[in-house]
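Structural features, examined
What follows is the residue order along each chain.
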Amino acid sequence: MRRIAMWSGPRNISTAMMRAWENRADTIVCDEPLYAYYLEHVPVDHPGREEIAAAHDADWRSVVRWLTEDESSGASIFYQKHMAHHLLPDIERQWLNQLTNCFLIRDPREMLASLSRKMGMPELRDTGLPQQVEIFDLVRRTTGRVPPVIDSADVLKDPRRVLSALCNAIDVPWNDAMLSWPAGRRETDGVWAKYWYDAVERSTGFEPFQAKHVDLEPGLLAVADQCRGYYETLAAHRIF
């Protein structure tokens, strides 16, 4: 089984990307498997916090065993949607070697404008960008290769070209099924879907790219400035 870990930050079309992979007949997916553990250890005001902790496995060791060892589905691909900031410092990293690690990024200004509408004023740690860079550097050192990075804007501008380039980079056959999917919620969605996934539940494919003019209040602008270097570090390695 090919186990693909897509390390993203919030509001990065990460759920649409999960839909694209789930629509392949050869693929199963999971949705933010370390979220419950994260919420047990980080004092953030996320909607549905208690519900998430009750419904999902909060033991990172058992989650990792499932992510790296389970073969029960019979699928040839296991696509794992991860929020990079859920990989807290006390979680061991060696298991990442058993995954094909990829990275999904988005312009920090656009991401922060969207994220702040859901959770109020975020901090740098809430963006996932420092953690993405840490994981990226670890994977590059361990494998001796630069792992694939895709930008959400590039995906929206040309989904077929960017996703086929991603598949080629990780040696997975391209499948046109990744370009569209049925609307609605999935059993594989986390219980947080009702708080975060309203737009993707209406979607049947990637939305056309629209350039946005984003005006941030001073507090968000300061966070965006903190994000910029991390984003540019990853963006320099975009595969497209």
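A quick note: this is a predicted structure, and the numbers were derived from the prediction, not measured.

**Quick notes on the pairing of strand β4 (residues 100-105)**
Where burial is concerned, most of β4 is hidden: 5 out of the 6 residues are buried. In terms of strand pairing, strand β1 (residues 2-8) meets β4 through 4 bridges, oriented parallel. Each residue of the ladder has a partner; that of Trp7, found in β4, is Phe103. Sheet analysis places β4 next to strand β5 (residues 149-151), joined by 3 bridges and oriented parallel. Pairing of Phe103 across the sheet is with Val149, part of β5.

**With respect to the layout of surface pockets**
The calculated volume of the largest pocket comes to roughly 1,000 Å³. Lining the largest pocket are 45 residues; nearest its centre among them are Arg11, Asn12, Ile13, Arg106 and Ser114. Listing elements by their share of the lining of the largest pocket, those giving two or more residues are α1 (14-22), α2 (35-41), β3 (77-83), α5 (108-119), α7 (152-157) and α10 (198-202). Residue contributions to the lining of the largest pocket peak at 7 residues, all from α5. Here the lining of the largest pocket is built from residues that sort into 21 nonpolar, 12 polar and 12 charged. Of the volumes computed, that of the second largest pocket is approximately 320 Å³. Thr100, Asn101, Val139, Thr143 and Arg145 are the residues nearest the centre of the second largest pocket, which is lined by 16 residues in total. At the level of secondary structure, the elements contributing two or more residues to the lining of the second largest pocket comprise β4 and α6 (129-143). Per-element tally for the lining of the second largest pocket: the top contributor is α6, with 4 residues. When grouped by side-chain class, the residues that make up the lining of the second largest pocket number 9 nonpolar, 5 polar and 2 charged.

**Quick look at the sheet that holds strand β2 (residues 27-31)**
Across the sheet, 5 strands lie side by side as β2-β3-β1-β4-β5; this open sheet has parallel pairing. Both outer strands of the open sheet, β2 and β5, are each paired with one neighbouring strand and no more. The average undirected angle you get between the axes of adjacent strands in this sheet is 20 degrees.

**Comments concerning the nonpolar core**
Among soluble globular proteins, nonpolar side chains are generally buried collectively. Trp7, Met17, Trp21, Trp95 and Phe206 are the most contacted members of the largest nonpolar core, which totals 78 residues. In terms of residue count, the dominant contributor to this core is helix α11 (residues 218-235) (7 residues).

**Comments concerning the side chain of His46**
With respect to the element layout, His46 can be found in the loop between α2 and α3 (49-55). A polar contact of 2.7 Å, which involves the side chain of His46, links it to the side chain of Tyr35. In this view, His46 contacts Tyr35, Tyr38, Leu39 and Met119; residues no more than four positions away in its chain are not counted.

The rules behind each value
- Residues numbered from 1 in each chain as written.
- Predicted model: local features only at pLDDT ≥ 70, side-chain atom pairs only at ≥ 80, totals over all residues.
- Heavy atoms only, no water.
- Buried < 20%, exposed > 50% of the residue type's maximum accessible area, 1.4 Å probe, protein only.
- Helix = DSSP H or I, 4+ residues; strand = E, 2+ residues; numbered from the N terminus.
- Pairing = 2+ DSSP bridges.
- 1 Å grid on protein atoms, 1.4 Å probe; cavity = no way out; pocket = protein on both sides within 12 Å on 5 of 7 lines; lining within 4 Å.
- Points joined across faces, edges and corners; volume = space filled by probe spheres on them.
- Nonpolar A, V, L, I, M, F, W, Y, C, P; charged D, E, K, R; others polar.
- Axes fitted to C-alpha atoms, helices over the stretch in contact; angles between N-to-C directions.
- Core = buried A, V, L, I, M, F, W, Y, C linked by side-chain atoms within 4.5 Å.
- Polar contact = N/O pair within 3.5 Å; in protein donor to acceptor, adjacent residues only side chain to side chain.
- Contact = heavy atoms within 4.5 Å.

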